[in-house]
Amino acid sequence: FALLILPPLWARGFAVLVIKSFPTARPGGMGEFFQKSARPADLAFALASALLLSLGVLSFADRLPLLFLMPLVFLPMLLPARRISRLLGGLTGDCYGALIEMSELLSLFLLLAGMSLL
């Protein structure tokens, strides 16, 4: 159950963080649209929602210690976001999509590893 819910949840929370933290590559593109649409309150809401929903899911699954994996998804994923932003001069909507997919995959691997250890 947690493996189906948490990776997309964490990836979307991470996406809002990336949208607010990095410049956009092309004026008038989807990246700029997302960035201009997202307010600082949206970032706080996205991160708080991801945290609270994760608490609920992991409590229900009796795997609450796995919550420590959430920052282990967000922090390493900032490296490719930074690298892509430097190469392209910012991020595009496609970059956001790729980073979401990468963070979902990392979340899934970390959760699988964490569940096998518990």
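Remember, predicted model here, so these are calculated numbers, not experimental data.

About the cut-offs
Residues numbered from 1 in each chain as written. Predicted model: local features only at pLDDT ≥ 70, side-chain atom pairs only at ≥ 80, totals over all residues. Heavy atoms only, no water. Helix = DSSP H or I, 4+ residues; strand = E, 2+ residues; numbered from the N terminus. Rg over C-alpha atoms; globule rule 2.2 N^0.38 Å. Buried < 20%, exposed > 50% of the residue type's maximum accessible area, 1.4 Å probe, protein only. Contact = heavy atoms within 4.5 Å. Areas by Shrake-Rupley, 256 points an atom, 1.4 Å probe, with all protein chains shown as cover. Lys, Arg positive; Asp, Glu negative; His and termini not counted. Charge placed at Lys NZ, Arg CZ, Asp CG, Glu CD. Patch = residues over 30% accessible without salt bridge, like charges linked within 9 Å, V, L, I, M, F, W, Y side chains within 5 Å. Salt bridge = Lys/Arg side-chain N within 4 Å of Asp/Glu carboxyl O. Core = buried A, V, L, I, M, F, W, Y, C linked by side-chain atoms within 4.5 Å. Axes fitted to C-alpha atoms, helices over the stretch in contact; angles between N-to-C directions. Parallel < 35°, antiparallel > 145°, perpendicular 65-115°, else oblique. Left-handed = near helix turned anticlockwise from the far one by under 90°. Nonpolar A, V, L, I, M, F, W, Y, C, P; charged D, E, K, R; others polar.

Colleague: I'd like a description of the overall build of the chain, backed by residues and values.
Modeller: A tally of helices and strands in the chain yields five helices and zero strands. Traced from its N-terminal end to its C-terminal end, the chain shows the element sequence α-α-α-α-α. For 118 residues, the compact-globule estimate of 2.2 N^0.38 gives 13 Å, and the chain sits close to it at 15 Å. Across its three principal axes, the chain shows a C-alpha extent of roughly 45 × 25 × 20 Å. Relative to its full complement of 118 residues, the chain shows a buried share of 41%. Considering only contacts within the chain whose residues lie at least 6 apart along the sequence, 73% involve residues at least 24 apart. Accessible surface for the chain amounts to roughly 6700 Å². Of this, 72% is attributable to carbon and sulfur atoms. Side chains of the chain give 9 positive and 6 negative charges; the mean places of these two sets differ by 9 Å.

Colleague: Account for a nonpolar patch on the surface, with residues named and values stated.
Modeller: A cluster of nonpolar side chains, Phe1, Leu4, Ile5 and Phe60, forms an exposed patch at the surface whose accessible area comes to about 500 Å². Along the chain, the position of phenylalanine 1 falls in the segment before α1 (2-21).

Colleague: Describe in detail the side chain of glutamate 104, supporting the description with residues and values.
Modeller: Assignment of secondary structure puts glutamate 104 in helix α5 (residues 93-117). Judged by its relative accessible area of 18%, glutamate 104 falls in the buried class. Beyond its immediate stretch of four places on either side in the chain, glutamate 104 contacts Pro7, Pro8, Ala11 and Arg12.

Colleague: Give me the lowdown on the nonpolar core, citing residues and values where you can.
Modeller: Formed by 30 residues in total, the largest nonpolar core has its most connected members in Leu6, Trp10, Phe14, Val18, Phe74, Leu91 and Leu99. The set of elements that each furnish at least two residues to this core consists of α1, α3 (40-60), α4 (69-88) and α5.

Colleague: Describe the packing of α1 against α5, with residues and values.
Modeller: Running from N to C, α1 and α5 point in directions that differ by 140 degrees, and their axes come no closer than 8 Å. As judged from the angle between their axes, α1 and α5 are oblique. α5 is crossed by α1, and the crossing has right-handed handedness. Residues Ala2, Leu3, Leu6, Pro7, Pro8, Trp10, Ala11, Arg12, Phe14, Ala15, Val18 and Ile19 of α1 pack against Tyr96, Leu99, Ile100, Ser103, Glu104, Ser107, Leu108, Leu111, Leu112 and Met115 of α5. In the contact of α1 with α5, the residues fall into 18 nonpolar, two polar and two charged.

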